[in-house]
Amino acid sequence: MSDEFFKEIVDSIVNLEEEKALEYANRAIKEKMNLLDVIERGFAAGIRKVGELWEEGDFFLPELMRGSQIMQNCLDLLIPHLQKGTEKISLGIVVIATIEGDIHSIGKTIVATILRAYGFEVHDLGADVPAEKIVEEAIEKEADIIGVSALLTTTMIGQKRIIELLKEKNLTNKFKVIFGGAPVTKAWVKDCNADGFAENAIEAVRLVKSLLHK
Ligand code: B12
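Residues numbered from 1 in each chain as written. Predicted model: local features only at pLDDT ≥ 70, side-chain atom pairs only at ≥ 80, totals over all residues. Heavy atoms only, no water.

Digging into unusual backbone geometry
At step 1: Although it is not a glycine, Asp128 adopts a positive phi angle of roughly 60°.
At step 2: Note on placement: Asp128 falls in the loop between strand S2 (121–124) and helix H6 (131–140).
At step 3: Despite not being glycine, Asn193 has its phi angle at roughly 65°, a positive value.
At step 4: Mapped onto the elements, Asn193 comes out in the loop between helix H8 (186–192) and strand S5 (196–197).
At step 5: Among the residues examined, Asn193 registers a relative accessible area of 62% and is labelled exposed. (Helix = DSSP H or I, 4+ residues; strand = E, 2+ residues; numbered from the N terminus. Buried < 20%, exposed > 50% of the residue type's maximum accessible area, 1.4 Å probe, protein only.)

Things to note about helix H9 (residues 201–211)
At step 1: Every buried residue of H9 is accounted for by Ala201, Ala204, Val205, Leu207, Val208 and Leu211. Looking down the long axis of H9, one finds its buried residues gathered within 165° of arc, a one-sided arrangement.
At step 2: In the core, the buried residues of H9 are packed alongside helix H3 (35–55), strand S1 (93–98), helix H5 (106–117), strand S3 (145–149), strand S4 (176–180) and S5.
At step 3: The N-cap of H9, judged by a side-chain oxygen 3.2 Å from the amide nitrogen of Ile202 a few residues on, is Asn200.
At step 4: A positive backbone phi angle near 55° is found at His213, which sits one or two residues after H9. (Arc of directions from axis to C-beta. Contact = heavy atoms within 4.5 Å. Polar contact = N/O pair within 3.5 Å; in protein donor to acceptor, adjacent residues only side chain to side chain.)

Some details on the coordination of the cobalt atom of the ligand
At step 1: Only one protein atom coordinates the cobalt atom of the ligand: His104 (NE2), located 2.3 Å from the metal.
At step 2: Within the element layout of this structure, His104 appears in the loop between S1 and H5. (Donors = N, O, S within 2.8 Å, 3.2 Å for Na, K, Ca; no water.)

Quick notes on the sheet that holds S2
At step 1: Pairing within the open sheet is parallel, and its five strands lie in the order S2-S1-S3-S4-S5. What marks the edges here is a single partner per strand, and that holds for S2 and S5.
At step 2: In the sheet, S3 pairs with S4 via five bridges, with the strands oriented parallel. Counterpart to Ile145 in the pairing with S4 is Lys176.
At step 3: Across the face of the sheet, helix H7 (residues 156–168) comes into contact with S3 and S4 while running at roughly 170° to S4. (Pairing = 2+ DSSP bridges. Axes fitted to C-alpha atoms, helices over the stretch in contact; angles between N-to-C directions.)

Description of the nonpolar core
At step 1: Phe43, Met71, Val94, Ile110, Leu115 and Val208 are the most contacted members of the largest nonpolar core, which has 50 residues in total.
At step 2: Of all elements in the fold, only helix H1 (3–14), helix H2 (18–30), H3, helix H4 (61–82), S1, H5 and H9 reach the threshold of two or more residues within this core.
At step 3: Residue contributions to this core peak at nine residues, all from H3.
At step 4: Shared between two domains, this core takes at least three residues from each, and those domains are domain 1 (3–85) and domain 2 (93–211).
At step 5: Those residues within four positions of Val208 in sequence are excluded, and the remaining contacts are Val94, Leu115, Phe120, Ile145 and Ile178.
At step 6: By size, the runner-up hydrophobic cluster in this structure holds 27 residues, among which are Val95, Val129, Ala131 and Leu166. (Core = buried A, V, L, I, M, F, W, Y, C linked by side-chain atoms within 4.5 Å. Domains from an automatic or database assignment.)

Looking at the site of the ligand
At step 1: Close contacts around the ligand come from 36 residues, with Glu40, Ile103, His104, Ser105 and Ser149 the closest.
At step 2: A distance of 2.7 Å is found between an oxygen atom of the ligand and a side-chain nitrogen or oxygen belonging to Glu40.
At step 3: At a separation of 3.3 Å, an oxygen atom of the ligand approaches a polar backbone atom of Gly181.
At step 4: Looking at the shell around the ligand, the elements with two or more residues in it are H3, H4, H5, S3, S4 and H9.
At step 5: A per-element tally of the shell around the ligand places H3 first, with seven residues.
At step 6: For the shell around the ligand, the per-class residue count stands at 18 nonpolar, 12 polar and six charged. (Near = heavy atom within 4 Å. Nonpolar A, V, L, I, M, F, W, Y, C, P; charged D, E, K, R; others polar.)

Here's the deal with the pattern of salt bridges
At step 1: Counted according to the given criterion, the structure contains 14 salt bridges.
At step 2: For Arg27, the salt bridge identified is with Glu31, shortest N-O distance 3.6 Å.
At step 3: Given the relative accessible area of 49%, Glu31 is considered partly exposed.
At step 4: Between Arg161 and Glu168 there is a salt bridge; the shortest N-O distance is 3.3 Å.
At step 5: Salt bridges linked by common partners bring Glu132, Arg161, Glu164 and Glu168 together as one network. (Salt bridge = Lys/Arg side-chain N within 4 Å of Asp/Glu carboxyl O.)

Here it is in structure tokens:
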């Protein structure tokens, strides 16, 4: 798996070349590459580059949407292969969602998939989910961990709302709450009194394992 291959994937996403991108995804599967690496260093790097181009005004919203659709189609191919090694015994229960007002789902879905592959029972509630619903589901599923994704600075406040709700319901000690998403920082986690955050899916696995002493 060479850096050149990752670069080719990035270019296919940036140039909005769906056929090529799908071909690379299929090649990665066929050649049994490390698919998480392929996603993080190839496809995710590509979509982030598209985001930068959009921010700089070189791309418009339809191009951003097209890029994310191509990324999603490639993930649909890759994810079932990532899940293959899933262990049968649950190491813990995770409820995960992207917070209300925020439709960014790609990163959250990758984290959910990888946690599943590492043996956690994961309930993925999807995107644009109200804080109240996330807490309700965590109670119902008897979760150990609540994971909340936010990609917009305007929706991060919803992550804090989860902590407030748990406090109101006297449930602070029942769950560990972790955050994720590009704008989330250590300072924000501290400010909210959350239990941690992770910048990518592998770090998320490490974080969850350490919080649950696995
Ligand atoms: C793809 C994308 C979209 C797609 C989303 C498609 C989808 N189904 O997800 C579409 C085109 C729909 C979209 C829409 C919008 N977008 Co957008 N989008 C992006 C983009 C380019 C990439 C996001 C992404 O998928 N990254 C790849 C994944 C793999 O990375 P990730 O999400 O960061 O996730 C990783 C980690 O953060 C972490 N993680 C993530 N979640 C969690 C959760 C837990 C619990 C843990 C532990 C870890 C974790 O692990 C993940 C895996 O490595 C970003 C740019 C960027 N740099 O993030 C802009 C970006 C987030 N979007 C932005 C904006 C403004 C919008 C819109 C408001 C645009 C508009 N005017 O309509 C709308 C939002 C509408 C809404 N209400 O939500 C801005 C946000 C600016 C800000 N400061 O708030 C960004 C930063 C672009 C920019 N540079 O300006 N977007």
